[in-house]
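Structural characterization, general
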Amino acid sequence: MAARFLAAAAVRPSPVSLASLALPNAGSQAALLAARRSISNTSPADQAHEVNPSASAAEATNTAAAASASAATSARKVPGFSERLSSGPSLGDFIQQSSKFTIEEALELKSSSKLEPLTKKTHQKLPSWLKTDIPVSAEYKQIKKDLRGLKLHTVCEEARCPNIGECWGGGEHKTATATIMLMGDECTRGCRFCSVKTNRAPKALDPAEPENTAEAISRWGLDYVVLTSVDRDDLADGGSAHFAETVSLIKKKAPQILVECLTGDFYGSLEAVERVARSGLDVYAHNIETVEALQASVRDRRANFRQSLAVLERAKAVRPELITKTSMMLGLGETDDEVMAALRDLRAIDVDVVTFGQYMRPTKKHMKVEEYVHPDKFAHWATVAEGLGFKYVASGPLVRSSYKAGEFYIKNMLKKRAEAELSFVTDASTAPSSEASAGRQ
């Protein structure tokens, strides 16, 4: 039997030495003798169910051989790992290398491009013409208090307008202007320049908002109010009925107040535009925001230049005496030719008022400013727009669509009215009297 085990070991090469086989063979022989004694003492029936002694001996031999091989392999691995560990780098080696390792090398990319020299970031200061004072006037504080009490929102706050103190305080001519944002403070669109919150499913409209807004405005004693809103593409009419109801109630409570509505595009619904235009407002405003070439990178994909032109055109068509108004931001990367093309398109549909202002990034999540446009450039565009036939132009770095809207509008209209009255008096004084005419006859 020992010869058979040696033959099997020769057929299946193993790292186990022949000496290691002596112990399993001796154990197998002892197990075989014990099995024979057990068989001789059992009955024939029990012997029929007894396991083959040769198979049991072979299984025991194989198990012992596998255990010996595993022990021998482990014995070889441990010394090898220990040797490598003892001969490897120590903590001191790591400390010495780190002192010679530069930041540029630590941040080096796999590509061949080199890192720019690392310098301390410096805060970019705004140009002097873009700085404003902190609002502290009594009028500002009163308007803010009333807004919180009636749970109303203003675009002045939501859009972080830099002119909030000046507009709410009345400015130089004490013509207080407030811009109320209707239909909540969550917009269904996400323009890249606007800081108003975005939500695909904003809260339902507050049915008491038109009444609360009209009550607040009549209480403030404002001269001019701008009503604007978030875009509500989730509503069938885009919120146009809500707009119209608010305007109607304001005119009933305070008919002396001039009302401007700065609306969205109602997703192209001209019926909604007509509803607002017929509500009794004085100025219909809708912003094209930027030149046609930059629309896709600045505005939400559901808005576009031609759709905005259609809104302004329909408002004028419904009420030809209605003043239409739009606004453009500069500093987004537009060219002079693109601005000129936009102005010509606006005049082609008889838009009356245009304003220019500097785009200012509200947060780090929004698109960056391409250029801080100098005040001289704003003055240039004011001259160009007036030459094209716009009835009024407001252009400056801090000008917004509704910035000092009442002051600009009222001052301009009073001037026009005074010129008209002067012209009427002059014509009357130069006309021949009725008595003189009769005498000549």
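For the structure, check the block above.
These remarks concern the structure in this document.

Turning next to the overall build of the protein chain. Tallying secondary structure elements over the protein chain gives 18 helices and 10 strands in all. Put simply, the protein chain has 441 residues, and 38% of those count as buried. Taking the intrachain contacts of the protein chain between residues at least 6 apart in sequence as the baseline, contacts between residues at least 24 apart amount to 74%.

Let us look at the side chain of Asp300. Within the secondary structure, Asp300 is located in the loop between helix H13 (295-298) and helix H14 (305-318). A polar side-chain atom of Asp300 sits 3.0 Å from the main-chain amide nitrogen of Gly190. Setting aside residues up to four positions removed in sequence, Asp300 forms contacts with Arg189, Gly190, Cys191 and Arg192.

By secondary structure assignment, the location of Gln256 is in the loop between helix H11 (240-253) and strand S6 (258-262). Gln256 sits 38 residues away from Ser218 along the chain, and the two C-alpha atoms are 9.7 Å apart.

This paragraph deals with the pairing of strand S8 (residues 323-330). Across the 8 residues of S8, 8 count as buried, placing the element largely inside the fold. For strand S7 (residues 283-285) and S8, the ladder comprises 3 bridges, and the chain directions are parallel. Residue pairing in the sheet places Ala285 in a bridge with Lys325 of S8. Where S8 meets strand S9 (residues 353-358), 6 bridges bridge the pair, whose relative direction is parallel. Looking at S9, one finds that Ser327 is bridged to Thr355. This β-α-β element, S8 to helix H15 (residues 336-348) to S9, shows right-handed connectivity.

Enumeration over the complete set of coordinates arrives at 0 disulfides. Just so you know, Cys194 is unpaired, no disulfide at all, and the nearest cysteine sulfur is the one on Cys191, 6.5 Å from it.

This part covers the pairing of strand S5 (residues 224-229). Among the 6 residues in S5, 6 count as buried, and that is most of the element. Burial of the side chains of S5 extends over both faces: Tyr224, Val226 and Thr228 are buried on one face and Val225, Leu227 and Ser229 on the other. The pairing of S5 with S6 spans 5 bridges and is classified as parallel. Looking at the pairing, Thr228 lines up with Leu262 of S6. In this fold, S5 hands off to H11, which returns the chain to S6; that crossover is right-handed.

With that settled, consider the packing of aromatic side chains. The way to describe two aromatic rings as a pair is by their centre distance and the angle between their planes. Taken as a whole, this structure holds 1 aromatic pair when the rule is applied. Just above the ring of Phe390 sits the side chain of Arg347; from NZ or CZ to the centre is 5.4 Å.

All chains considered together, the criterion is met by 19 salt bridges. Measuring nitrogen to oxygen at the nearest pair gives 2.9 Å for the salt bridge that ties Arg232 to Asp234. Residue Asp234 is classed as partly exposed on the basis of its relative accessible area, which comes to 37%. When the shortest N-O distance is used, the salt bridge between Asp345 and Arg306 registers 3.4 Å. Of the two residues, Asp345 is situated in helix H15 and Arg306 in helix H14; the sequence distance between them amounts to 39 residues.

Glancing now at the side chain of Asp265. With respect to the helices, strands and loops of the structure, Asp265 is situated in the loop between S6 and helix H12 (270-277). Looking at Asp265, the relative accessible area reads 1%, which means it is buried. A polar side-chain atom of Asp265 sits 2.9 Å from a polar atom in the side chain of Arg189. For Asp265, the side chain forms a polar contact with the main-chain nitrogen of Tyr267, separated by 2.9 Å.

This paragraph deals with unusual backbone geometry. Of note in the backbone geometry, Tyr267 takes a positive phi value of approximately 55 degrees without being a glycine. Counting through the fold element by element, Tyr267 comes out in the loop between S6 and H12. Under the relative-accessibility criterion, Tyr267 is labelled partly exposed at 46%. The backbone of Asp350 sits at a positive phi, close to 65 degrees, despite the residue not being glycine. For Asp350, the position within the fold is in the loop between H15 and S9. Classification of Asp350 by relative accessible area gives partly exposed; the value is 35%.

Attention now goes to the packing of H15 against helix H16 (residues 375-388). At a closest axis distance of 10 Å, the pairing of H15 and H16 adopts a crossing angle of 35 degrees. For the pair H15 and H16, the crossing hand works out as right-handed. Residues Asp336, Val339, Met340, Leu343 and Arg347 of H15 form the contact with H16, whose own contacting residues are Lys377, Trp381, Val384 and Leu388. A breakdown of the residues in the contact of H15 with H16 according to their chemical character gives 6 nonpolar, no polar and 3 charged.

Let's shift gears to the packing of H14 against H15. Each pair of packed helices can be described by the angle between their axes along with the distance between the axes. Where H14 meets H15, the axes come as close as 10 Å, and the angle between the chain directions of the two elements is 30 degrees. It follows from the interaxial angle that H14 and H15 lie roughly parallel. Along this stretch, H14 crosses H15, giving a crossing that reads as right-handed. From H14, Phe305, Arg306, Leu309 and Leu312 reach across to H15, where they touch Ala342, Asp345 and Leu346.

The rules we used
Residues numbered from 1 in each chain as written. Predicted model: local features only at pLDDT ≥ 70, side-chain atom pairs only at ≥ 80, totals over all residues. Heavy atoms only, no water. Helix = DSSP H or I, 4+ residues; strand = E, 2+ residues; numbered from the N terminus. Buried < 20%, exposed > 50% of the residue type's maximum accessible area, 1.4 Å probe, protein only. Contact = heavy atoms within 4.5 Å. Polar contact = N/O pair within 3.5 Å; in protein donor to acceptor, adjacent residues only side chain to side chain. Pairing = 2+ DSSP bridges. Right-handed = clockwise from strand over helix to strand, strands pointing away. Disulfide = S-S within 2.5 Å. Phe/Tyr/Trp six-rings, centres within 6.5 Å; stacked < 30°, edge-to-face > 60°. Lys NZ or Arg CZ within 6 Å of the ring centre and 35° of its normal. Salt bridge = Lys/Arg side-chain N within 4 Å of Asp/Glu carboxyl O. Axes fitted to C-alpha atoms, helices over the stretch in contact; angles between N-to-C directions. Left-handed = near helix turned anticlockwise from the far one by under 90°. Nonpolar A, V, L, I, M, F, W, Y, C, P; charged D, E, K, R; others polar. Parallel < 35°, antiparallel > 145°, perpendicular 65-115°, else oblique.

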